[in-house]
Structure formats: structure tokens, C-alpha cells
Amino acid sequence: MMQFTETPSRPLHQITPFSIPTMNTTNQVHQARSWPGFPTAKGLASFGDANCMEQLLVHCANAIESNDATLAQQILWVLNNIAPPDGDSNQRLTCAFLRALIVRAARSGTCKMLAAMASARCNLSIDTHTFSVIELANYVDLTPWHRFGFTAANAAILEAVEGYSVIHIVDLSSTHCMQIPTLIDAIANRLEGPPMVKLTVPGVSKDLPPMLDLTYEELGSKLVNFARSRNVMLEFRVVPSTHADGFASLIDQLRLQHLVYAETSEALVINCHMMLHYIPEETLSPLPNANSMPYTFEQSPNQSLRTMFLKALRGLNPTIVVLVDEDADLTSNNLVCRLRSAFNYLWIPYDTVDTFLPKGSKQRQWYEADICWKIENVIAHEGLQRVERVEPKSRWVQRMRNAEFRGASFGEEAVSEVKTMLDEHAAGWGLKKEEDDLVLTWKGHNVAFATAWLPA
Amino acid sequence: MPLYDSASSSAGSCSGSSSSSSSSKPPPPPPLQQDIDGLLAVAGYKIRSSELRQVAQRLERLETAMGNSPADFSQLASDAILYNPSDLAAWVDSLLSEFAQPPTCSSEFIPGPVNNGSTTAESHTPPVQQNITYEQRTLDNQLTVVTATEEDSGIRLVHMLMTCAECVQRGDFSLASSLINDMQGLLARVNTVCGIGKVAGHFIDALSRRIFRGIGGGSVGGGGYAFESEILYHHFYEACPYLKFAHFTANQAILEAFDGHDCVHVVDFNLMHGLQWPALIQALALRPGGPPLLRLTGIGPPSPDGRDSLREIGLRLAELARSVNVRFAFRGVAASRLEDVKPWMLQVNPKEAVAVNSIMQLHRLLGPDPIRNSPIETVLNWIKDLNPKILTVVEQEANHNQPSFLDRFTEALYYYSTMFDSLEACRVQPEKALAEIYIQKEIGNVVSCEGSARVERHEPLAKWRRRLSGAGFRPLALGSNAFKQASMLLTLFSAEGYSVEETEGCLTLGWHSRPLIAASAWQAVAEAGSSAACVG
């Protein structure tokens, strides 16, 4: 007995509408597994490859979280084929996320250890580069990603420290004081003569990219020499301290100084550049043991280290606090939420890299390796190991206000300096002014924000 | 207890006790007169079956004593040489007396249930029939030791299965039937939830069906497909990685073969629920350069209840394809047997790149008569005439089509006990239970069916290579992507113990180095020009 069935040749119009297969985490005995479909509500016109890849990644993450090995395998198989590590920017972005999901799956209890993965010939290691000072200086200059924050911050700082004879800068930056030489230069050119500058840093966080091949002592002596060449006396100090406890030892040291030197005319500048988002916040629970609480002033057990850090800053009565960070929300405890947010933010560095680094160049490898590291941290890690806890500008603004700071506006000069800087880079970069704050954009999407604060 | 391991038994290691069963030939039947245990005899130790229990107890005592006084032991090790293995009991006793410490165990033991049933029919095979009792003896140091162990019974079961199969081959059905009874009795004392007990039970069933229903009469897994077999297949798919491995390995080869072609056509020899195709559709959707026009022709059995299940599956796949912007057309070909399909039914367009996909279907075409033109040759010929870009073949890696029944039986026992072992790792129900039934049906077909009813005529890769080469196909290496994907996916999501191997361009998936399923890819040796890509 022969039967032939055919689907209509134009399925778009003639197919009887089927209910969209939804995500099935349990199998019904007499029904075949539903394949997670793509919501047709998105419409065919706006359908894009990136959209598709995001959907696949989301379904994959769901499958891994719900231990649906079959579905996870199927999607991973597809992703492996459509996201080569040397493809276009969407493909490379997807590849990095795919890698992170595989690492996550390999870590989870029901799946294999990474060692077994190595034997399966999967190279999952990321080759992050350790930069020399020259390399790092060139690197951060390639793109406005960091230059934006440097320029805006330096302008605000200069304005705030006018008239002070001693400037004490506390540099909490992921870029190892790369902002400082330009600032020293500007300070040196002040009309009223160069002041003394004290620079305090919390010491190198060995695990965070970009990584430097110098010790901070070596770095410090380079900076002191540079300052001397500009006729500025620079005192450099490292207070070993880590983001993991909210820079407790640094805060203690500063508090001590504050008590001792309260009378002198010293401007205290707290420069936070892409660093504060590593301090644990409320979604990281439970907090470390209450007995080991680093802060010595009264604390409430419900406050995160991030809140307490900002409070401690306020207690130092700084002359100005500059807070620059990435404008995205990577704090959700829900993997899929986090994945969506990360995917919808980290496409930006992959998209921009074509404009300033040629394919195959070593620098591009370093750049993308650092992004890869970030993606892996956000997707594959949990708890204390997940350090990339980026919060959007609105959240930080609220935090600073809660900590009794008030926003300071960036002056016209600051704005025009940033604009001039942006002109040196590709056309896609832009600047937004939102009330007191400045926001760096790429093709209209928010990338990073710069805010300045004074004690309220 | 796996057949292929030399089982290390618990009590002081009668090391010869199991290794004999790992060879493919069954051990010779035990001598009827001497009451010597046959299995140990093969290893060179002569010991009376009636004394087995006492010797085992003493060996345990010896082991405990050794453990408690290692200094004495090292002395002992250099002194004690087993000159005469024919008197194992005496040797153990002499060792025991050497130890200063009296045995620390108490001599109480709790006799387990004694099975009365097994003592019937003793006249035929006394040494194999024992009053097997479970004994448990608790030592002072809280060791619980089981003497006449389940492993022991397991070994005996295997032993008896081989003997029974050999009887069947010889035509001695009365002996075979009594062995069946004995085995069922023995089965009652063995753990049938896992290990040897479970798979032995299926083989006993299949043997009895073969004996009592006559050859060829069984309807187990007979030539046609059945509706419930789809459900079983689906659960087998979920419970263990064999089918998934087949799908993603075949898909990888097909995806790579379709590279650069704008019109492609996949012919699936057994559509089932179309589980293989969503992943391929999505991979084609996002391939660089955009998706091709994809046609899928799915072959499957006619639906018994008037539903058109092929069409339903085709529509679901079409819906998925639409959602990812892949132009797609489906055609269902309902056929009770693969050999009833004729190439004109597939409506292959000469301008298309064709992939023919056969997941465990080709062996069904190996008819009972090897001399006449078997369906396999007919089908391979028309596949060749389609000039496919690729023919993906996945088959069970086993030799279940040998002419000798005993050879087939032995091979199947080895193969399916390995497969059942691998299934132990699956924790999900009802997937696991239904997967076991799926495998059980295969066992039933291999063992109890003959002639045209026996469709599970698995042949190993080496044979398929010769057959396909002889039919005018040349092998296509599966490529490193397929291997990497298979390795990664299996490492991530399947229990430890599975292994992917690559041999001469083909991939196999096995359990602990025994390959169980083999995937390969082929292309027709070009006679005319190769198929051109379609325009537009």
C-alpha cells in the first residue's frame, strides 16, 4: 500500500496554523518532543541572524539549566556549526557565548569536568594577553571605550581641584592608571603652578583583564618619573586591597589619613573607572560571614558590600567622586536573563572592533580574548567567582544618592573635549547628555556612562 | 555484572572464576561424573562443587587474617606456593593454620532461602544444578560477605544460556526446555533489576519463544513496523546517546556535503518522528550564504488508524522551517517495507544535491537467502542511480547475521549485555524502561525469529564496507568536525563510559571500548558527471 503526502509548496500561505511549539522540559509519553520554535510574532521582515542566534543561545541555556540533555545537545550541535570562531562579528559573539555555555555545562554537577573536555579535544582555554605598559597605553587609546571615561573624568577632576595645593587621587581603575599621565599633564599646565599629587591605588587585581606585566611598584616608579618630567611631585602608594571585600583595607587606610590630615588643604579625588562593578552587590548572597565584616563602622546585615563601600566613600568627605562604568545589567541571578542582557550589550565590542583592528591582528585577538573572558565570567560562573556584576547607570545614580552624594554636572569644556576625542574615532560613536551625566553610545546604543559626584 | 570484565569476586578472589566467559566460545559442558565445578576447572583449579561453599568461607577467613596481620602475610607470600591446584581446599586450610591469630570471624551464618524448585530435573545436569543458598556472615569488623554470590549465579546463567543455545542449534529441544526451566529458577534468585540478571531474562524469554513457538512463528519484531515501536524508539532516543550520536554525526556529514548547493533533497529511510531534522534545518538556516531550498522525503510505515502520521510530522517540520526562513517541502512515502519503495516515488530532481540517510535500516534488507538477488542489492542500485551527494549509513556494530545460530546468540549476548550496562547510567523514567523494551524486541528478533521475520540482521562495519564498495560506492571520511562534535557532546551530556572512536573515516560510539554503533558516509563512484547545483 502506497501513500504519498506532500506539504503545499508555498507553506507560507497554505499551512494550517499550528500552535507554536513551546519549550517542553518534560516529555509526554505519547507525544514527540516539541522543538522550541522561533516566535513568529517577530515577523519575517525584522528577522535577523543575530536574533536567531540569541534565541538558540537562550534555548540552549534553558536546556542546560533544566538538565535537558537531548535538547542541549541538539542546540549545541547547531551552534557549533553556525558560529565559527573566525566568522563575522555576530558569529564570533555567538561563538564566545557558546563557549561559555559549554564551560558552564562542563562545570555543573550532572555534566563532565573540564578535564574530560580537554580529552575530547575541545580547546576551551582563553588566551588573555598580559600587556606591557606601552602595549596597554596603545590598547586603551584604540577606542573610546576607556578614553571617554578618561576624558570626562579628567575634565571634571581638574575643575574640582582648582585652588588646592595637594591633590590626592585614589585611582580605582581596571586599566592600571592609564588615565593618570594625561591628568598629570593637565595638572602640570595649571596656571597657578603645579601642586603636589598623591596617587593611591588598591593594588593589582591579578584575575581581571586587561592584565599588566609589571608590578605596581614598577608601574608607580614609572609614573613618578613621568610626573617629575612634567615638574610635578608625585607620591605613589599601593594599598593592597581587593574588590572582593569592597576594598576594605584601602578604605581603612584612607579613613585614617582623613582623620590625620583633615586640616590640610588636600583635595581628595576618588576616580572609579570600570572597577566598582566588581564589588559584590545584593544579588550575591549570602554575604560573607558577618564576623569577618571588613567595615568597622556600624553595619546592617542587609547591606551589600557595594552599598557599604559607597557609604564609606561618603564618610571620607571627598572633594569629588567620578564614577565611570559600563551601562548594562548583568546582575540577574537568572541565567537566561543574564544571557539576554549580556548578548544585547556585548555585541557592541565585537561590532566596533572591525573599525579599529584588522582581522587576524594580534591586538584583535587580545581584545576579543578579554571580551571572551568577560562573557565566560558572566555565563559560566556563579557566586563569588562571577565578578562581572555590571549595573546600569540608573542603578548607580540611585546608589550614589542613597549614599548622600549629589550629582555634579559636566561643564561645556568637558563635553567639547569628549566630542573632540570622539571625532578621532569611527563615525558610529556618539555622546549623549542625560541631565548631569554623559553617556557614550555606539550606533545609538548605550555603552558607558560618566558621572561626577559631590558630597550632598 | 558485565560479561566482558573478568569479575573480581568479593571473597579472597577465586581469580579463575569468571574469565572464561569473556571469550566468544562457550566453555565446554562440565563433565557429568566428577562433581567438579566446571568453571573453575577451566582455570585449572579442581574443586568439588559441594565443597565450594566451605572453601569460599575459608578464603574469606584467610583474607581477613591477612588483612589483620600483614607482617605474617608477607612471610606467607614467600612461603606458600600452590603446588597442586587440584586440592584448593587443603591448600587454603594449610595457609590458615599458619596464621598465629585464630580467625576473628564468628562462625555463625544465616542461611538464606533455599529454593526447592531448582532441585527438580537434576538427572540431566547435576553439576550445574546446585542447591544454591545465599549465606551471609557478619564478621566482627562489620564486613558483610555474600558467599555464593549473585555473580556466581550470574556466571552460571551465562553458562546455561550458552548450553541451551547450543542445544537449540543441535535440535535437542527437550534438553533445551529443561534448561529453560532451570534458568528461570535461577533467575528467581538473581537480581533482575540490573546487570546480568536483566539481560539474561530477555535471552531466556527469546530462547523459549524460539523453542516453544517454532522457528519463524514469532511475531516479535517481525518485518513490519508497529505503531508502538515509534514510542519505544522515541524513548530509546531519549534514554541513551546511540540514536542522538547517529543523528548529529549523519547531520554533520550531510551539512558539509550540502555546502555550496542551493537545492538540496534529503531522503530519510525511516522518518519516525523526524527527530533528526530540526537541528539540520536550523543549521542550514544560518549557514553562511543563506539557506538552500530544502526538500525532505520521509519514508515510514503506513499509519494503522487512518491518521496520516507522515504528513503530520512533515507539517511540523515545515512550520519550523518557516519560522527560520528556510524554503521547505516535505513528501511522505508510506511503505510497509523499505524494499517496496521505488526510486520514482521519491521524485528526485536531477539538479538537486541528494542525501540519502539510513539510520539502522539497511540491515533489514539483508534477506534470508544470500544467493538470490536480495533486496539490499536492488536498493543499493537505485540509490546509486540517484547519484547522491552523500549516503549516510548508521548501523549496529554487531555480527548478528551469521549463519550459525549459536554464533549469533553468543554475539548477541555480548552485544546486548554491553548495551544494557550502558543503559544503567540513565536515571530517567519512563524513558529507561521503555528503552529496555525497545532493546528487548531487538533481542527477541535476533534470537527467536528466522527467515523473513528476522529483520535485525546486523552486520559489522567491515562487512558493510565491503558490501557498499562492491555495490559501487566509495567511502567519504566523516571529517574532524563530526568527531569533535561527537566527542564534545558525549563528554558533556552522557555518562562516563561512552567512547567515540574514529576508524578509517568512520565514527563508532561504544561503551567502554566495545563499539556498539557505527556511522559512515558514502558517495556513488562517479560514472557520469556529478550533479550540478541548481540555478537560483
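First, a word on scope: everything that follows refers to the structure included in this document. Predicted, not measured: the structure shown is a model, and the values here were computed from it. (Residues numbered from 1 in each chain as written. Chains lettered and ligands numbered in written order. Predicted model: local features only at pLDDT ≥ 70, side-chain atom pairs only at ≥ 80, totals over all residues. Heavy atoms only, no water.)

### With respect to the overall build of chain B
Phase 1 of the analysis: Helix and strand counts for chain B stand at 16 helices and twelve strands.
Phase 2 of the analysis: By residue count, 57% of the 536 residues in chain B fall in the buried class.
Phase 3 of the analysis: In chain B, 75% of the contacts between residues at least 6 apart in sequence involve partners at least 24 apart. (Helix = DSSP H or I, 4+ residues; strand = E, 2+ residues; numbered from the N terminus. Buried < 20%, exposed > 50% of the residue type's maximum accessible area, 1.4 Å probe, protein only. Contact = heavy atoms within 4.5 Å.)

### What about the pattern of salt bridges?
Residue and element names in this part refer to chain A.
Phase 1 of the analysis: This model, assessed by the stated rule, comprises 41 salt bridges over all chains.
Phase 2 of the analysis: Across the pair Lys374 and Glu388 runs a salt bridge, and its minimum N-O distance is 3.0 Å. Of the two residues, Lys374 is situated in helix H13 (residues 362-380) and Glu388 in the loop between H13 and helix H14 (393-402); the sequence distance between them amounts to 14 residues. Here Lys374 matches Glu388 in class, with each residue buried. (Salt bridge = Lys/Arg side-chain N within 4 Å of Asp/Glu carboxyl O.)

### Some thoughts on the state of the cysteines
Phase 1 of the analysis: Enumeration according to the criterion identifies zero disulfides over all chains in this entry.
Phase 2 of the analysis: Free cysteine A:Cys95: the closest other cysteine sulfur is in A:Cys372, separated by 7.2 Å.
Phase 3 of the analysis: B:Cys164 forms no disulfide, and the closest cysteine sulfur to it belongs to B:Cys167, at a distance of 6.1 Å. (Disulfide = S-S within 2.5 Å.)

### Re the environment of A:Phe405
Phase 1 of the analysis: By secondary structure assignment, the location of A:Phe405 is in strand S9 (residues 405-408).
Phase 2 of the analysis: Those residues within four positions of A:Phe405 in sequence are excluded, and the remaining contacts are A:Leu310, A:Leu313, A:Arg314, A:Pro318, A:Val321, A:Met400, A:Trp453, A:Leu454, A:Pro455 and A:Ala456.

### With respect to the environment of A:Arg395
Residue and element names in this part refer to chain A.
Phase 1 of the analysis: Within the fold, Arg395 resides in helix H14.
Phase 2 of the analysis: Overall, the relative accessible area of 32% leaves Arg395 in the partly exposed class.
Phase 3 of the analysis: The sequence separation of Arg395 and Asp329 amounts to 66 residues, and the corresponding C-alpha distance is 9.2 Å.
Phase 4 of the analysis: Once residues within four sequence positions are removed from consideration, Arg395 is found in contact with Asp329 and Thr331.
Phase 5 of the analysis: Separated by 2.8 Å, the side chains of Arg395 and Asp329 make a polar contact. (Polar contact = N/O pair within 3.5 Å; in protein donor to acceptor, adjacent residues only side chain to side chain.)

### Brief notes about the pairing of strand S11 (residues 437-442) of chain A
Residues and elements named next belong to chain A.
Phase 1 of the analysis: For S11, the tally of buried residues reaches six of six residues, placing the bulk of the element in the interior.
Phase 2 of the analysis: Where burial is concerned, the two faces of S11 agree: the one with Asp437, Val439 and Thr441 and the one with Leu438, Leu440 and Trp442 are both buried.
Phase 3 of the analysis: Pairing of strand S10 (residues 429-434) with S11 involves six bridges; the strand directions are antiparallel. Residue pairing for S11: Lys432 is matched across the bridge by Val439.
Phase 4 of the analysis: The loop that links S10 with its antiparallel partner S11 comprises two residues; one of these, Glu435, has a positive phi angle of about 55 degrees.
Phase 5 of the analysis: Hairpin geometry of S11 and strand S12 (residues 445-455) is characterised by an intervening segment of two residues between the two adjacent antiparallel strands and by a positive phi of about 50 degrees at Lys443. (Pairing = 2+ DSSP bridges.)

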